[in-house]
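# Residue-level structural notes
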Amino acid sequence: MIGDGGDFVSFAGRYVEPARPGGWLDPGPYGCLGAGLGAAMAARIARPSAQVVLLLGDGAVGMSLMDVDTLVRHQLPVVMVVGNNSCWGLEKHPMRFLYGYDVATDLAPQTAYDEVAQALGAAGEAVTKPEDIGAALDRAFASGVPYLVNVMTDPEAAYPRATTGV
Ligand SMILES: Cc1ncc(C[n+]2csc(CCOP(=O)(O)OP(=O)(O)O)c2C)c(N)n1
Ligand SMILES: [Mg+2]
């Protein structure tokens, strides 16, 4: 389980239990967005029999989605789940908290990153309803190819943090 993103990864850290020790990798505080695709490739190669899941914020997607090309060329079946809130949530919500407004944190609404992945030779689909997530993940794991599940989420859902990390 690899996390690459902001609030989406913070939420995941709260709810996702890794199957075993050493089964979770995220960028950590001050971590570098965009490193997740590379980490997923390494995990896929290091543990060929494991399910490798890459959780991507849409901001992180903007840093490195072209690396799907490498997953495809090297036949590395990683399941990518995008938490697509159409913004840099971990910038937007702390700005609102600290300053009362936010600037330069919006991304284009509900971009079809699943179609970008398909254009690069992977598979993918978009999910807009919570009840459709499970079946989409089942299809992704059964596919045996790199597969991007593009889940639309609420831009207003801020991760409830008690500090700003500084
Ligand atoms: C290379 C890099 N640039 C900028 C940042 C600062 N940063 C931290 S979180 C974040 C936004 C993350 O947005 P997204 O991946 O969409 O996750 P969300 O918070 O929306 O769930 C940014 C720009 C960073 N960590 N790494
Ligand atoms: Mg986001």
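Predicted, not measured: the structure shown is a model, and the values here were computed from it.

### Quick notes on the pattern of salt bridges
- Applying the stated criterion across every chain yields a total of 8 salt bridges.
- Across the salt bridge formed by D102 and R96, the nearest N and O atoms sit 3.1 Å from each other.
- Taking relative accessible area as the criterion, D102 reaches 22% and is therefore assigned partly exposed.
- Residue class for R96 comes out partly exposed when judged on its relative accessible area of 31%.
- Connected via shared salt-bridge partners are K92, R96, D102, D106 and E156.

### Observations regarding the state of the cysteines
- Applying the stated criterion across every chain yields a total of 0 disulfides.
- Just so you know, C32 is unpaired, no disulfide at all, and the nearest cysteine sulfur is the one on C87, 19 Å from it.
- Exposure remark for C87: the relative accessible area of 2% places this residue in the buried category.

### Observations regarding unusual backbone geometry
- Notably, S86 is not glycine yet its phi reads approximately 60°, a positive angle.
- Mapped onto the fold, S86 is located in the loop between β3 (79-84) and α5 (89-99).
- For S86, a relative accessible area of 11% corresponds to the buried category.
- For A104, which is not a glycine, the phi torsion comes out positive at approximately 55°.

### What about the site of ligand 1?
- Not every one of the 18 residues close to ligand 1 is listed here, only the nearest: D7, G31, D58, G59 and G89.
- Between ligand 1 and G31 there is a distance of 2.8 Å, counted from a nitrogen atom to a backbone nitrogen or oxygen.
- For ligand 1, the accessible surface in isolation is 590 Å², of which the surrounding protein chains cover 81%.
- Contributing elements (two or more residues each) for the shell around ligand 1: α1 (7-15), α3 (58-64) and α5.
- No other element matches the 4 residues that α3 contributes to the shell around ligand 1.
- Each residue belonging to the shell around ligand 1 can be placed in one class, and the counts come to 8 nonpolar, 7 polar and 3 charged.

### As for the sheet that holds β3
- If you walk across this open sheet you meet the 5 strands as β1-β2-β3-β5-β4, and the pairing is parallel. The sheet terminates laterally at β1 (2-4) and β4 (123-127), the two strands that pair on one side only. Neighbour-to-neighbour, the strand axes of the sheet open up by a mean angle of 15°, direction not taken into account.
- Summarising the sheet, β4 and strand β5 (residues 147-152) pair through 5 bridges and their orientation is parallel. By the bridge assignment for β5, A126 is matched with N150.
- Together, β1, β2 (53-57) and β3 form the strand contacts of helix α2 (residues 36-46), whose direction differs from that of β1 by roughly 170°.
- Contacting β2, β3, β4 and β5, helix α7 (residues 133-143) runs over the sheet at an angle of about 170° to β5.

Cut-off values and rules
- Residues numbered from 1 in each chain as written.
- Chains lettered and ligands numbered in written order.
- Predicted model: local features only at pLDDT ≥ 70, side-chain atom pairs only at ≥ 80, totals over all residues.
- Heavy atoms only, no water.
- Salt bridge = Lys/Arg side-chain N within 4 Å of Asp/Glu carboxyl O.
- Buried < 20%, exposed > 50% of the residue type's maximum accessible area, 1.4 Å probe, protein only.
- Disulfide = S-S within 2.5 Å.
- Helix = DSSP H or I, 4+ residues; strand = E, 2+ residues; numbered from the N terminus.
- Near = heavy atom within 4 Å.
- Polar contact = N/O pair within 3.5 Å; in protein donor to acceptor, adjacent residues only side chain to side chain.
- Areas by Shrake-Rupley, 256 points an atom, 1.4 Å probe, with all protein chains shown as cover.
- Nonpolar A, V, L, I, M, F, W, Y, C, P; charged D, E, K, R; others polar.
- Pairing = 2+ DSSP bridges.
- Axes fitted to C-alpha atoms, helices over the stretch in contact; angles between N-to-C directions.
- Contact = heavy atoms within 4.5 Å.

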